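Summary of structural features
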Amino acid sequence: MTAIDPSLVVSVSLNVVDARLDAAARRCRSLVASLGAVGLVASRTEADGPRDGVNVDLTLMPSVLSVPGAEAVRHLAAPLLTRFRWSRGDLEVDESAAGHPTGFAAGPERTTDGVTPICVSICAAADTEGEWWDPPEWLPADESVVAVRRRVRRLPAAASDDDVVARVHARLTAPDLDTALVRCLPLLRRPDVWSVDLRRSATDDGVWGLALLLVLPLVDVSPRAPSGTAVDALAAEFGLPAGHPRRSPLGPWVVAAMEATRSLGNAPTVEALYVRTGIDPFDRGPVDRPVETREMVLRGRDENGPDEAELIRTIEEALRDAVRVVLVVDVTGPVADARAVVRGLFRLEDDDIDSTSTEILDGGRLRIVAHLGATLMTAEEIVEVVVASTDLHPWVRSVPEAADGLATAEWRAPADARGAVRVEVAAGYRLGLG
């Protein structure tokens, strides 16, 4: 078996005439097989983009070469230049790059059987780190799904703010990428699949990881809680076992996840589903403000829209009347940073906390009160979200007397490693406001 050089990555970028991902994947099979590709990323093009069809990136793992540096780059590029009928002058080698010289080639675009080679790039594997995301911090620690949760490649998706974006992770066994691709074609036929990443596992020989990014219209799903019917319906569709989805608050929005370790086979086995509104669930970027507020701001710029003072009053009134969240944490003794205690218990960012205050209780205990501000969710919904973001259990919940009533959940136990002995989550309209 030819030794593979893991320090270098060769990427071939293509544009395929087909509008459907499964058709584009079939059209690329001959290239996948002949080039010995070990990874494929395919995504539909945007309507206002420079190209139509499907963009495809093939990843090649080059064999170990005896020639060094820039000569190795030219050696790796040579067969690809010949195949795409490009000249040596179409290859640029950058010997100043840190770690290893890089190469980039883009010759005349010639379409053959609906496939147009766009460019070839050769770089150090370390230079591709920016293309990957680690699992988000909001996912709670769970030893039972360690094999399921993994780093993912950034995938494009054209989603509006009120679309549901679902990331589906699966694995399967196959001897090579071409075989794995054929076995994944039924999933790629879905009209809501925007992009796909299929690549060989770095740790398990013969195992392939599949990631799909789906964009679905927001139908019968609350924009503040896409973790409801959307997650349940998709989980059932992909064969995930029924279970309570984990939820995490991100500003006024919710991210939901369902994960399960399952036996692998020749067909893709879906093991994880992550759902978020308007953006890839693994994206660490900011979440857009609620659609209603954003539309109000845009209207305020029109001649016939409200003036700035009226706009500010409207937003302030909406925030005053929104559901607010208060966290109460009793700890055994003094703490250096009250916010850090709250962040550690609830996996919150510092920006999520509006304010904190402390009070000394009998027996030397300290009470931390944290205000999280306004949310678009109901009181009961946000309490469930916050509770699900902790590793504390069990919780005792109150049942609101009315749909807009106060909802609470309380945890009590002997002091844990962080010193907490009692935690209460309370949510309600205008809670904490005078």
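Residues numbered from 1 in each chain as written. Predicted model: local features only at pLDDT ≥ 70, side-chain atom pairs only at ≥ 80, totals over all residues. Heavy atoms only, no water.

Focus: the overall build of the protein
Helix and strand counts for the protein stand at nine helices and 20 strands. Across the 434 residues of the protein, 47% fall into the buried class. Residue pairs in contact within the protein that sit at least 24 positions apart in sequence constitute 63% of those at least 6 positions apart. About 21,300 Å² of surface is accessible on the protein, with carbon and sulfur atoms providing 51% of the total. (Helix = DSSP H or I, 4+ residues; strand = E, 2+ residues; numbered from the N terminus. Buried < 20%, exposed > 50% of the residue type's maximum accessible area, 1.4 Å probe, protein only. Contact = heavy atoms within 4.5 Å. Areas by Shrake-Rupley, 256 points an atom, 1.4 Å probe, with all protein chains shown as cover.)

Describing the pattern of salt bridges
Under the criterion given, the structure shown has 15 salt bridges. The salt bridge involving Arg20 is made with Asp22; its shortest N-O contact spans 2.6 Å. With a closest N to O distance of 2.8 Å, Glu109 and Arg51 form a salt bridge. In this pair, Glu109 is assigned in the loop between strand 5 (102-105) and strand 6 (115-124) and Arg51 in the loop between strand 2 (39-44) and strand 3 (54-60), connecting sequence segments 58 residues apart. Overall, Glu109 belongs to the partly exposed group, its relative accessible area being 45%. (Salt bridge = Lys/Arg side-chain N within 4 Å of Asp/Glu carboxyl O.)

Let's talk about the side chain of Arg422
Position of Arg422 relative to the elements: it lies in strand 20 (residues 420-429). Within the structure, the side chain of Arg422 is placed 2.7 Å from the side chain of Glu410, a separation counted as a polar contact. Within the structure, the side chain of Arg422 is placed 2.6 Å from the side chain of Glu424, a separation counted as a polar contact. (Polar contact = N/O pair within 3.5 Å; in protein donor to acceptor, adjacent residues only side chain to side chain.)

Quick notes on the nonpolar core
In terms of nonpolar packing, the biggest core is built from 59 residues, with Val12, Leu40, Val56, Leu58, Leu198, Leu212 and Leu214 touching the most fellow members. Among all residues touching Leu58, those that are not within four sequence positions of it are Val10, Ser11, Val12, Leu14, Leu31, Val32, Leu35, Ala37, Gly39 and Leu40. One finds Ala338, Leu345, Ile353 and Ala427 within the second-largest nonpolar core, a separate group that totals 32 residues. (Core = buried A, V, L, I, M, F, W, Y, C linked by side-chain atoms within 4.5 Å.)

Looking at the confidence of the model for the protein
The pLDDT averaged across the protein works out to 76; a share of 70% of its residues lies at or above 70. Mean pLDDT per element in the protein: helix 6 (residues 291-300) is the minimum at 33, and helix 1 (residues 21-27) is the maximum at 94. Long-range and interchain partners of residues 220-227, a stretch whose pLDDT sits below 50, account for 26 contacts in this model, where long-range means more than four residues apart. (pLDDT = per-residue confidence, 0-100.)

So, helix 4 (residues 177-188)
Along helix 4, the positions that sit buried rather than exposed are Leu177, Asp178, Ala180, Leu181, Cys184, Leu185, Leu187 and Leu188. Projected down its long axis, helix 4 carries its buried residues within an arc of 165°, all on one side. Here the buried face of helix 4 lies against helix 1, helix 2 (29-35), strand 2, strand 9 (163-173), strand 10 (193-200) and strand 11 (207-217). For helix 4, the N-terminal capping position is held by Asp176, with its side-chain oxygen 3.3 Å away from the main-chain nitrogen of Asp178. (Arc of directions from axis to C-beta.)

Considerations on the sheet that holds strand 18 (residues 396-397)
Taken together, the six strands give an open sheet; going across it, the order is 16-17-15-20-19-18, and neighbouring strands pair in antiparallel fashion. Edge positions in the open sheet fall to strand 16 (355-360) and strand 18, since each of these has one partner strand only. The strands touched by helix 8 (residues 338-346) are strand 15 (323-331), strand 16, strand 17 (366-375) and strand 20; relative to strand 15, the strand with the most contacts, the crossing angle is about 105°. (Pairing = 2+ DSSP bridges. Axes fitted to C-alpha atoms, helices over the stretch in contact; angles between N-to-C directions.)

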